[in-house]
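Tertiary structure, described
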Amino acid sequence: MIKTDILIIGAGPTGLFTVFEAGLLKLKCHIIDALPQPGGQLSELYPKKPIYDIPGFPEVKAGQLVDNLMEQIKSFQPGFTLGERAKDIERQEDGSFIVTTDEGTKHHAPIVAIAGGLGSFEPRKPPINNISKFENKGIHYMVKDPEQFRDKSVVIAGGGDSALDWSIYLADVASEVTLVHRRNEFRGALESVDRVKELKDMGKIKLITPAEIVDVNGEDHLESVSIRKNNNPEEDFTLETDYFIPLFGLSPKLGPIADWGLEIEKNAIKVDNTLDYQTNIPGIYAIGDVNTYPGKLKLILCGFHEATLMCQSAFAKIHPGKRNVLKYTTVGGVAGFDGTKKEAPKSVIRSID
Amino acid sequence: MRSAENPFRLNSFATSNIVTTMDVKITIIDRDGTAHKVDAPTDMAMNLMEVVRSYELAPEGTIGICGGMAMCASCQCYVKSDTPLREKEDDEEAMLAEAFYVQDNSRLSCQIPITEELEGLVVELAPSEE
């Protein structure tokens with residue numbers, strides 16, 4: 001069981017900055033995120049896009065902002081449970097919470113801060129009849145263990161980086177790799193596109209374009225897929241395969257959090273914006289893009305503000321009756337949990353003779 | 001056909017002669033098949049996805065998820081009129097190549113800026129990916 005003061009759900013900019021504000025109040029944090037890396041949509045969707053409305057940064061690339069936040073919170077030693085999705089929450093008798101992920105990892109904290117952004121990123125599933133019937137029975141939306149496909153035949157669909165990269169990787173593992181894409185053009189890194197062409201010329205990847213998978217067939221396990229070429233049903237043909245891996249990127253879903261008994265409005269969690277961004281369940285807060293209140297703006301800078309106020313409230317809950325005075329970092333510096341201390345150099349006062 | 005209240009000119013000078021910029025009339029068919037004739041402002045640097053959201057013609061969280069960067073296809077629509085539209089750029093083209101329910105007349109509405117040429121445009125929202 002992982003124990004912490006504030007359990008943060010979501011490693012986007014708001015979740016990361018919460019660690020800093022909590023750290024100033026000597027509260028420890030642990031973060032859960034479904035993605036394998038921190039940064040949320042900034043890392044997953046647009047790491048190379050410049051952002052222009054972060055106060056004090058005339059321009060900063062999304063990926064750089066995440067790196068900066070990670071650097072800023074380093075000395076507060078946050079724990080991370082990455083690649084796992086927060087699934088269940090159980091309120092304990094003492095008012096604290098146990099949050100369990102889809103992999104079964106348990107976290108115990110008196111305060112839960114949901115900084116879930118648009119939700120957890122899940123693979124986009126193509127609208128094909130019966131596709132759910134073969135999930136994990138021949139159809140996989142992500143490659144977790146490539147060895148699973150050793151000496152098997154694999155059909156991959158998609159035209160982005162992950163479709164290209166896995167086609168390249170599995171060309172050396174699987175007995176047969178077929179890449180199906182709706183266009184002749186691929187939008188991956190140039191070297192990946194070139195490499196796929198090389199492997200195609202070497203006969204190690206079979207390329208079928210423009211085409212798409214229109215049907216999946218089999219008894220208990222997937223046995224074949226139906227492929228439509230040139231958008232023409234008359235050209236449909238069946239290809240036998242052990243596995244089908246549709247790789248159409250990820251899209252965010254609010255997911256299991258929607259069933260936690262929180263008040264939801266317009267796909268967002270209602271919070272008290274007059275005070276501390278607490279939800280209808282005491283001890284659970286929602287900050288950043290995931291919350292809603294009158295006048296809500298989904299901006300990173302608003303998430304930072306919400307995180308700051310939320311930490312003050314969390315402090316009062318964890319230390320009832322304890323007086324807390326706001327300390328400026330210019331005055332008090334930043335004392336990390338790792339023993340480091342950052343502070344302004346003392347000014348030198350000396351008389352001139 | 002429903003006429004929705006214009007959220008952009010609620011208590012403005014819209015009826016006086018101070019306003020010189022024109023709104024355009026656009027018909028948006030929602031995911032349930034209901035047509036809404038709405039006024040879209042040409043002077044607010046808006047795109048079609050933002051117009052759909054401001055009139056709340058699709059539930060929040062099901063449209064414009066990426067914020068308008070052509071990085072998701074949640075704002076996909078089908079163009080039903082022969083209104084001249086700006087050509088697709090590479091990123092819109094690439095996203096549509098991976099979107100679902102794509103037709104020949106598919107566009108990402110976030111990539112369509114509201115201009116005077118859009119008068120009379122008719123679009124239908126594509127189904128959400130669920």
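Sequence order sets the numbering: in each chain, residues are counted from 1 along the sequence as written. Key to labels: chains lettered from A, ligands numbered from 1, both in the order written. For a predicted model such as this one, the threshold for reporting local features is a pLDDT of at least 70, and the threshold for listing and counting side-chain atom pairs is 80 or more; totals across whole chains, interfaces and linings nevertheless cover every residue.

1. Some thoughts on the overall build of chain B
The numbering of helices and of strands both runs from the N terminus, where a helix is a DSSP run of H or I of at least 4 residues and a strand a run of E of at least 2. Regarding its fold elements, chain B presents two helices and six strands. When the helices and strands of chain B are placed in sequence order, the string is β-β-β-α-β-α-β-β. Between the buried cut of 20 or more and the exposed cut of 12 or fewer other C-beta atoms within 10 Å of a residue's own C-beta lies the partly exposed class, and all C-beta atoms are placed from the backbone. Out of the 130 residues belonging to chain B, those deemed buried represent 33%. Two residues qualify as a contact pair if the distance between their C-beta atoms, derived from the backbone, is within 7 Å. Look at the contacts in chain B between residues 6 or more apart in sequence, and 65% of them connect residues 24 or more apart.

2. Considering the packing of helix α4 (residues 161-170) of chain A against helix α5 (residues 190-201) of chain A
Residues and elements named next belong to chain A. Each axis is a line fitted through C-alpha atoms, and for a helix only the stretch in contact is used; angles between axes span 0 to 180 degrees, taken between their N-to-C directions. The contact between α4 and α5 brings their axes to 10 Å, and the two run at 40°. The angle between α4 and α5 places the two elements in the oblique class. The chirality of how α4 crosses α5 is left-handed. Contacts from Asp161, Leu164, Asp165, Ser167 and Ile168 of α4 reach α5 at Ser192, Val193, Arg195, Val196 and Leu199. For classification purposes, angles smaller than 35 degrees are called roughly parallel, those larger than 145 roughly antiparallel, those between 65 and 115 roughly perpendicular, and all remaining angles oblique. Handedness of a helix crossing follows the sense of rotation of the near helix relative to the far helix, less than a right angle counterclockwise being left-handed and clockwise being right-handed.

3. Comments concerning the interface of chain B and chain A
With 14 residues of chain B at the interface, the matching set in chain A holds 20 residues. Amino acid classes used here: Ala, Val, Leu, Ile, Met, Phe, Trp, Tyr, Cys and Pro are nonpolar; Asp, Glu, Lys and Arg are charged; the rest, including Gly, are polar. Of the residues contributing to the side of chain B that touches chain A, the split by class is ten nonpolar, one polar and three charged.

4. Concerning the sheet that holds strand β8 (residues 97-101) of chain A
Residues and elements named next belong to chain A. Taken together, four strands build an open sheet; the order of strands is β1-β9-β8-β7 and the sheet is mixed. Only two strands of the sheet have a single neighbouring strand rather than two, namely β1 (2-3) and β7 (86-91). Note: β8 against strand β9 (residues 106-109), four bridges, orientation antiparallel. Across the sheet, the residue bridging to Phe97 is Ala109, located in β9. Two strands qualify as a pair provided that DSSP identifies no fewer than 2 bridges between them.

5. A short note on the environment of Ile131(A)
Residue and element names in this part refer to chain A. On the secondary structure map, Ile131 appears in the loop between β11 (120-123) and β12 (153-157). As a C-alpha pair, Ile131 and Lys296 span 165 residues in sequence and 38 Å in three-dimensional space. Those residues in contact with Ile131 that sit more than four places away from it in its chain are Lys125, Pro126, Ile139 and Val216.

6. Focus on the domain arrangement of chain A
Split into domains, chain A comes out as domain 1 (2-121 + 251-342) and domain 2 (131-246). Where a domain begins and ends is set by an automatic assignment or by a domain database. Placing the centre of domain 1 of chain A and that of domain 2 of chain A at their C-alpha centroids yields a distance of 38 Å.

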